[in-house]
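Okay, here's what each chain looks like letter by letter:
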Amino acid sequence: MKRPVNNSPYPPAKGWRLPGDGRHPIAWRGRTLVMGILNLTPDSFYGGSRLPDPEAALDRALRMKSEGADLIDLGGESTRPGARPVSATEEKRRVIPVVRLLAKKAGLPISIDTSKASVAEAAVGAGAGILNDVGALGLDPRMPKTAARLKVPVVLMHMKGRPRTMQRDPRYGDVVGEVGAFLRRRMEAAERAGVDPRNLVLDPGFGFGKAPTHNLEITRRLLELGALGRPILFGPSRKATLGVLLGGAPPQDRLEATLAFVTAAVLGGADWVRVHDVKETVRAVRMADALRYGRGCPAP
Ligand code: HH2
């Protein structure tokens, strides 16, 4: 019998290893990582992601783990369009006790979603193992050196402008070209500060200073960002563009739309997705991983 020709339209499997400090590497191959979102804020755009106290956060984290999450992302400051910044003191008050509790009891790597060096430092001290910075280490001048010193994997995300004003008529010539060039510059800045380039993860920043057409273009052309040589994280979960495409659906009514975007992203080259709904996403990702990588499909 002739061997089947591999003419899959999907990107091939790559193996990734983020060394961290060398003792707690994050490694995966031929599948997509799922990161569950926990927000310790009163004003995150999706009410279902807000958690009032550390016990509720631990319950949610344990549920996400049982549903198949690979990682947990903890945030103490909303970055929704129009959000007002919070002080480092307030952000630490919200997140540090939860980081400490989850690091002890959740049994999953904890990522801290912050742009502030002092919050990052305190969170890693309390047990966080990943730094997720929507400002790509560029909003706090101390962040690049702090990230280098902490020796943890770092997510560099693209944002045009700041949350307060970013959705006021964002414009691009070639959105993917501009996002890619920005991410390349931030990778170089991180390396200059001493961050191990093998610890970098890149994120085009779905919804961060982008109109729906820009978000669609990025989702369609995600593979081009793979040329930067690092894993791609993608976070469309329940965001406003999905509501626009559904004719005005509110965040609580955007689950199926999220799953459609997650599936498209995985088939288009995403390595890691950040979502509010772990159970449903893990199931959708299992299908997308089976199509892309042949994973999970019994032999004939
Ligand atoms: N999106 C949000 C926050 N952090 N980090 C990365 N790397 N990528 C994203 O797309 C991303 C992110 C916004 O989502 P959420 O945390 O649910 O909302 P809020 O900022 O209102 O808390």
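The rules behind the values
Residues numbered from 1 in each chain as written. Predicted model: local features only at pLDDT ≥ 70, side-chain atom pairs only at ≥ 80, totals over all residues. Heavy atoms only, no water. Near = heavy atom within 4 Å. Polar contact = N/O pair within 3.5 Å; in protein donor to acceptor, adjacent residues only side chain to side chain. Areas by Shrake-Rupley, 256 points an atom, 1.4 Å probe, with all protein chains shown as cover. Nonpolar A, V, L, I, M, F, W, Y, C, P; charged D, E, K, R; others polar. Patch = residues over 30% accessible without salt bridge, like charges linked within 9 Å, V, L, I, M, F, W, Y side chains within 5 Å. Salt bridge = Lys/Arg side-chain N within 4 Å of Asp/Glu carboxyl O. Lys, Arg positive; Asp, Glu negative; His and termini not counted. Charge placed at Lys NZ, Arg CZ, Asp CG, Glu CD. Helix = DSSP H or I, 4+ residues; strand = E, 2+ residues; numbered from the N terminus. Expected span 1.5 Å × (residues − 1). Bend = angle between axes of the 7 residues up to and from the residue. Buried < 20%, exposed > 50% of the residue type's maximum accessible area, 1.4 Å probe, protein only. Contact = heavy atoms within 4.5 Å. Core = buried A, V, L, I, M, F, W, Y, C linked by side-chain atoms within 4.5 Å. Pairing = 2+ DSSP bridges.

Asks: Let's hear about the site of the ligand: which residues, and what values?
Replies: Residues in contact with the ligand amount to 18 residues; listed here are only the nearest, S44, T79, D203, K239 and H276. The separation between an oxygen atom of the ligand and a polar main-chain atom of F45 is 3.0 Å. A distance of 2.7 Å separates an oxygen atom of the ligand from a polar atom in the side chain of K239. Look at the ligand: alone it shows 480 Å² of surface, and the protein chains cover 99% of it. Across the shell around the ligand, the residue classes tally to six nonpolar, seven polar and five charged.

Asks: Residues and numbers for a positive patch on the surface, please.
Replies: On the surface, a cluster of positive charge is made up of K279, R283, R286 and R295. In this fold, K279 is placed in helix α10 (residues 278-293).

Asks: I'd like a description of helix α2 (residues 88-105), backed by residues and values.
Replies: Here α2 spans 25 Å end to end across 18 residues, near enough to the 26 Å set by a 1.5 Å rise per residue. Along α2, the sharpest change in direction is near 30° and occurs at V95; proline P97 comes one to four residues later. Where α2 is concerned, the buried positions are E91, R94, V95, I96, V98, V99 and L102. Check the buried side of α2 and you find it contacts β3 (33-39), α1 (54-66), β4 (71-75), β5 (110-113) and α3 (117-126). Count one or two residues on from α2 and you reach G107, which has phi positive near 70°.

Asks: Explain the environment of K105 residue by residue, including any values.
Replies: Among the secondary structure elements, K105 is positioned in helix α2. Judged by relative accessible area, K105 falls into the exposed class, the value being 53%. Through-space distance from the C-alpha of K105 to that of V244 is 39 Å; in sequence the pair is 139 residues apart.

Asks: Just give me the short version of the pattern of salt bridges, but keep the residues and values in it.
Replies: The final tally for this structure, using the stated rule, is 19 salt bridges. The partner of R221 in a salt bridge is E224, and the shortest N-O contact between them spans 2.7 Å. Relative accessible area serves as the criterion here: at 22%, R221 is assigned to the partly exposed category. A relative accessible area of 43% places E224 in the partly exposed class. Through salt bridges that share partners, D174, E217, R220, R221 and E224 make up one connected network.

Asks: Mind laying out the nonpolar core, listing which residues take part and the relevant values?
Replies: One finds L38 and L102 to be the most contacted residues of the largest nonpolar core, which totals 69 residues. With seven residues, the single largest contributor to this core is helix α5 (residues 175-193). Those residues in contact with L38, other than ones at most four positions away along the chain, are S49, L51, A57, R60, A61, M64, I72, D73, L74, G75 and L102.

Asks: An account of the sheet that holds strand β8 (residues 200-203) is needed here, citing residue identities and associated values.
Replies: The strands making up a sheet associate through hydrogen bonds between their backbones, and the pairing can be parallel or antiparallel. On the basis of which strands lie adjacent, the open sheet formed by eight strands has the order β8-β7-β6-β5-β4-β3-β10-β9 and parallel pairing. This sheet does not close on itself; its edge strands, each paired only once, are β8 and β9 (233-234). Across four bridges, strand β7 (residues 154-157) lies against β8 in parallel orientation. By the bridge assignment for β8, V154 is matched with L200.

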